[in-house]
Amino acid sequence: MTETNWQQLQTDVVALLKEARRQVLAKMHQTLTVDEKTSRKDLVTNVDKGNEQFLIGGIRQLDPQAQILGEEGFGDQLTSMAGRVWIVDPIDGTMNFVKQRDNFAMMIGIYQDGVGQLGFIYDVMNDVVYAGGPVVGGVWANDQPLPAPANLALADGLIGMSAPLVIHDVAHTQAIVHASAGMRIYGSAGIEMISIMRGKTLGYISHLKPWDFAAGQVLLNTLGIRTSTIDGQPLNMLSSNLVLVATEQAQRDILQIEEDDVSL
């Protein structure tokens, strides 16, 4: 695409995700093939793989010149973010998908020369697509525009966390939880980011890979939510990061906790 019609592209991607949902729901009641990737808690299913292949096939039709980074490896081998890059998570929250058949998402982020343009997080079981970005001037939940969440301080709201980080007190997460109003764990980066967009939580901290945060970063930044590494640096879009997502005030509070603990 030379001159991109971003509104039309958003419409087309939502339609692609809707069809992907239909296929996933049809497979959910069949016997799943479940494999371990790095551990018994890092799962992949035949549905993850099949859905990524379906989504990448659709993206190739929509944007033939683009590069695609997919969680399950069916896209391209990327060494840079130059040009148009799509980053795809076919099933985010696979453990939830396997154990609960709920609380999982599909996610797509579209970047141009490293800058987020459009993001999509699909809450599959609730049938709500969160879509938007700076190129379309906002974020929508299905057809309803989302307002920017309140810019709460850490003490005034709940924060999403990765349980192992808190158990092992990585990056002073126990102090961060103590300073907040409380901790919540959803088991899916996409569902965590939806919670922030909806103003139910004010932040989220976890070890994440590009497909875990690419879509959410576009949507959240559009709504005024900060995304960074735990020490406030820009995220590397092609590697794992210890990611901090938070309101502006909460990010400032968390970075202060990090700085204070380092200086002790």
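This write-up is about the structure you can find in this document. This is a predicted model, so every value here is computed, not measured.

Check the secondary structure of the protein and you find 8 helices and 14 strands. Computed over its C-alpha atoms, the radius of gyration of the protein comes to 18 Å, within 12% of the 18 Å expected for a compact globule of 264 residues. Taking the principal axes of its C-alpha atoms as reference, the protein extends roughly 55 × 45 × 35 Å. Here the analysis covers contacts within the protein between residues at least 6 apart in sequence; of these, 59% occur between residues at least 24 apart.

All right, on to the sheet that holds strand β14 (residues 241-246) then. If you trace the 5 strands from one edge of the open sheet to the other, you get β11-β10-β12-β14-β13, paired in mixed fashion. Either end of the sheet is taken by a strand with one partner, and the two such strands are β11 (182-184) and β13 (226-229). When strand polarity is set aside, the average angle formed by the axes of neighbouring strands in this sheet is 20°. Of the strand pairs in this sheet, β13 and β14 are connected by 4 bridges, and their pairing is antiparallel. Its bridge partner lying in β14, T227 is registered against V245. Set on the sheet, helix α6 (residues 189-197) makes contact with β10 (158-161), β11, β12 (203-208) and β14; between it and β12 the angle comes to about 160°.

Let us now look at the layout of surface pockets. The gaps left among the atoms become clear once a water-sized probe is rolled over them. Here the largest pocket defines a volume of roughly 1,100 Å³. Along its surface, the largest pocket is lined by 32 residues, and K41, D42, G187, S206 and H207 are the ones closest to its centre. Elements with a contribution of two residues or more to the lining of the largest pocket: β1 (34-39), β2 (42-45), β4 (84-92), α3 (94-99), α4 (163-167), α6, β12 and α7 (210-222). Looking at which element gives the most residues to the lining of the largest pocket, the answer is β12, with 4 residues.

Bringing the environment of G57 into the picture now. Mapped onto the elements, G57 comes out in helix α2 (residues 46-62). Assessed through its relative accessible area of 35%, G57 is described here as partly exposed. Expressed as a C-alpha distance, the spacing of G57 and H168, which sit 111 residues apart in the sequence, is 41 Å.

Bringing the side chain of N241 into the picture now. With respect to the helices and strands, N241 occurs in strand β14. Taking the relative accessible area as the measure of exposure, N241 reaches 7% and is therefore buried. A polar atom in the side chain of N241 sits 2.8 Å from the backbone oxygen of S239. Residues in contact with N241, not counting those within four places in the same chain, are S206, H207, L208, F213, T229, L235 and N236.

A few words on helix α1 (residues 6-28). Between the first and last C-alpha of α1 there are 32 Å, a value that for 23 residues agrees with the 33 Å anticipated at 1.5 Å per step. Within the sequence span of α1, burial applies to W6, L9, Q10, V13, L16, L17, A20, R21, V24 and M28. The N-cap residue of α1 is N5: its side-chain oxygen and the backbone nitrogen of Q7 are 3.3 Å apart.

Cut-offs applied
Residues numbered from 1 in each chain as written. Predicted model: local features only at pLDDT ≥ 70, side-chain atom pairs only at ≥ 80, totals over all residues. Heavy atoms only, no water. Helix = DSSP H or I, 4+ residues; strand = E, 2+ residues; numbered from the N terminus. Rg over C-alpha atoms; globule rule 2.2 N^0.38 Å. Contact = heavy atoms within 4.5 Å. Pairing = 2+ DSSP bridges. Axes fitted to C-alpha atoms, helices over the stretch in contact; angles between N-to-C directions. 1 Å grid on protein atoms, 1.4 Å probe; cavity = no way out; pocket = protein on both sides within 12 Å on 5 of 7 lines; lining within 4 Å. Points joined across faces, edges and corners; volume = space filled by probe spheres on them. Buried < 20%, exposed > 50% of the residue type's maximum accessible area, 1.4 Å probe, protein only. Polar contact = N/O pair within 3.5 Å; in protein donor to acceptor, adjacent residues only side chain to side chain. Expected span 1.5 Å × (residues − 1).

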